[in-house]
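The lines below spell out each chain.
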Amino acid sequence: MSKIKKYQRAIVLTLAMAILTAYIARTAWLSDDAMITIRSVLMLNNGHGPVTTIGIRAQSFTHPLWFLLLSIVTRGTHEYIYSVIIFNVVVAATAYFLVVRNLKKNLSITIFVCLLLSSRTIIDYSTSGLENALSSLLLIMLFLVLKKAPRNQVLYFVSICSLLIMTRIDFVVFLIPLVFYFFRKTSHIRAKSLIVGMSPLFLWYTFSLVYYGTILPNTAYTKLNLNVSKRVLSGFGLKYLYESSKYDLFIVIFLAALFIFLVYSLLKKSFGFQFFISVGIAMYIIYIVSIGGDFMAGRLLSPFMFLFIVIVLFSVDSNNELILKNRSFNVMKISTGLAIVIVLLTLSTSWMYILSSDENVLANNQLVGDERSFYALRGQSIFLRQSEFSIPQDVDYLTYKELFNLNGKIPNDGYLLYETSKAISNNEKYTALPLKSCRGLNLLLNPYKTHVIDHCGLIDPILSRTPVVVDINHFRPGHYLRTVDEAYDIYKEINKPQYHEIKLLTTGKLFTTKRLGFIAKNFFSNDLKLLI
């Protein structure tokens, strides 16, 4: 018995990590957007540069740091599907380990595991091939730097902030109040720490400005350059939160808890770094609403849901009592009770989903989709029972039948991922049918020299800058279709000078006086406008 007590913490920590790692491995998958990034990784590792189409310098990925890490990993393994999934699981597990390793009480670790497993959003986007796991890891590192205040705190803080912005440029919104808090309370700031900490960010955006002609990803032009009023976009943003909450009840609990925490902190005049992190989270949610949300249910919220769980648990972990109106309450008992309630509330929509072998799409929602269920049904998940499904009779999904002769049936677990990995590793390049939209899998499997033009403009610098009138009756965030021929003709006729500028920026020689002048002009007239 004494030995059990002696090693109790190690046992709890090991069990917690084993359970979390097993669950995220069980639900591992690749999203369609991730395959667009993998296409750019494949191009870079084969000597064609960080592009999607040879000869056109357009940044089709929104997460430069994640892209660079995937490029390093896959360059060593020479495999582009399972390497991404395994690396994704490792990054997510590292984030979880940092949390459980720094929680003092075993009960806090147990609550942490239960809360994470109660959220479909956090579990689904712990993998997916997107940057969410990396974002969560950097956010928990930022939290620990602020909590522990190490000797080189300024250097660590600035470095992590830089890496966060390299992960997603819109994380600037979240960081604004936190940077204000940090530099207001820090009396001695060395210029060397600032320079070294910001150097990764400076190097990437210098490269991006020279190479792509812009500091923004091409997708920013596609998704933000709309002829839609802010009021209408905000309405769709609120719908995004509503639809996402139907996909994951934990989102409702998260939003309510965030509001209560902010109000409580204001009433108690408790303005520590936890408060400013929470303000940053609230600002980021407002930003998400203002741009019309996203089409992946919960995706943009998952890193901040994870971070807020950490904030609350560490507050509970370091306090034994809660004083309200001169009455003392046991914090751990209250927290345990609330955790049990949350788990029971989310049980039917989260744990049942995770434990089940069937990947059922909850609803065919036009605005917001359950992406993991949708793509798991089409073979982009590691574990999936043999199942029947009907392939929609359109050009995007007919390629499944053409490439792998599925005939509406997945013969074994992860079949599509396995065949895709084998095709890429063997340098087999299937020729897909002409694309009506930028379908990630089809794009990934096209020959290197194939020039793909997608109607959404995600990978095309001309189409992304073409103004688009969005039909608000058929609105889907990030999917703003352009008519390719008309778009090119309109842009050539109406914006002829701009058309040639964009062509020069994205296809011309890098170091010419004319191009460098256009880069400066584009930065001040377009990039800053979209950023502001």
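Please refer to the structure higher up on the page.
Residues numbered from 1 in each chain as written. Predicted model: local features only at pLDDT ≥ 70, side-chain atom pairs only at ≥ 80, totals over all residues. Heavy atoms only, no water.

Talk me through unusual backbone geometry; I want residue IDs and the actual numbers.
The backbone phi angle of S128 is positive, close to 85 degrees, even though this residue is not glycine. Following the sequence through the fold, S128 ends up in the loop between α7 (120-124) and α8 (132-148). Although it is not a glycine, A149 adopts a positive phi angle of roughly 50 degrees. Mapped onto the elements, A149 comes out in the loop between α8 and α9 (153-167). The partly exposed category is assigned to A149, whose relative accessible area is 44%. (Helix = DSSP H or I, 4+ residues; strand = E, 2+ residues; numbered from the N terminus. Buried < 20%, exposed > 50% of the residue type's maximum accessible area, 1.4 Å probe, protein only.)

Hey, could you go over a nonpolar patch on the surface for me, with residue numbers and the actual values?
A contiguous nonpolar surface patch, about 370 Å² in accessible area, is contributed by Y7, I11, L15 and I19. With respect to the helices and strands, the residue Y7 is situated in the loop between α1 (2-6) and α2 (8-26). For Y7, a relative accessible area of 46% translates into the label partly exposed. (Patch = residues over 30% accessible without salt bridge, like charges linked within 9 Å, V, L, I, M, F, W, Y side chains within 5 Å. Areas by Shrake-Rupley, 256 points an atom, 1.4 Å probe, with all protein chains shown as cover. Salt bridge = Lys/Arg side-chain N within 4 Å of Asp/Glu carboxyl O.)

Just give me the short version of the packing of helix α5 (residues 82-102) against α8, but keep the residues and values in it.
Between α5 and α8, the least distance of the axes is 8 Å, while the angle of their chain directions is 25 degrees. Judged by the inter-axis angle, α5 sits roughly parallel to α8. Two packed elements cross with a definite hand, and for α5 against α8 that hand is left-handed. Between α5 and α8, the residues in contact are N88, V91, A92, T94, A95, L98, V99 and N102 and A133, L134, S136, L137, I140, M141, L144 and K148, respectively. (Axes fitted to C-alpha atoms, helices over the stretch in contact; angles between N-to-C directions. Parallel < 35°, antiparallel > 145°, perpendicular 65-115°, else oblique. Left-handed = near helix turned anticlockwise from the far one by under 90°. Contact = heavy atoms within 4.5 Å.)

Can you tell me about the nonpolar core, naming the residues and giving the values?
One finds Y96, F112, L142, F143, F174, I277 and I281 to be the most contacted residues of the largest nonpolar core, which totals 129 residues. For F143, the contacting residues outside a window of four places in its chain are F273, I277, L307, V310, I311 and F314. One finds I36, L443, C456 and L458 within the second-largest nonpolar core, a separate group that totals six residues. (Core = buried A, V, L, I, M, F, W, Y, C linked by side-chain atoms within 4.5 Å.)

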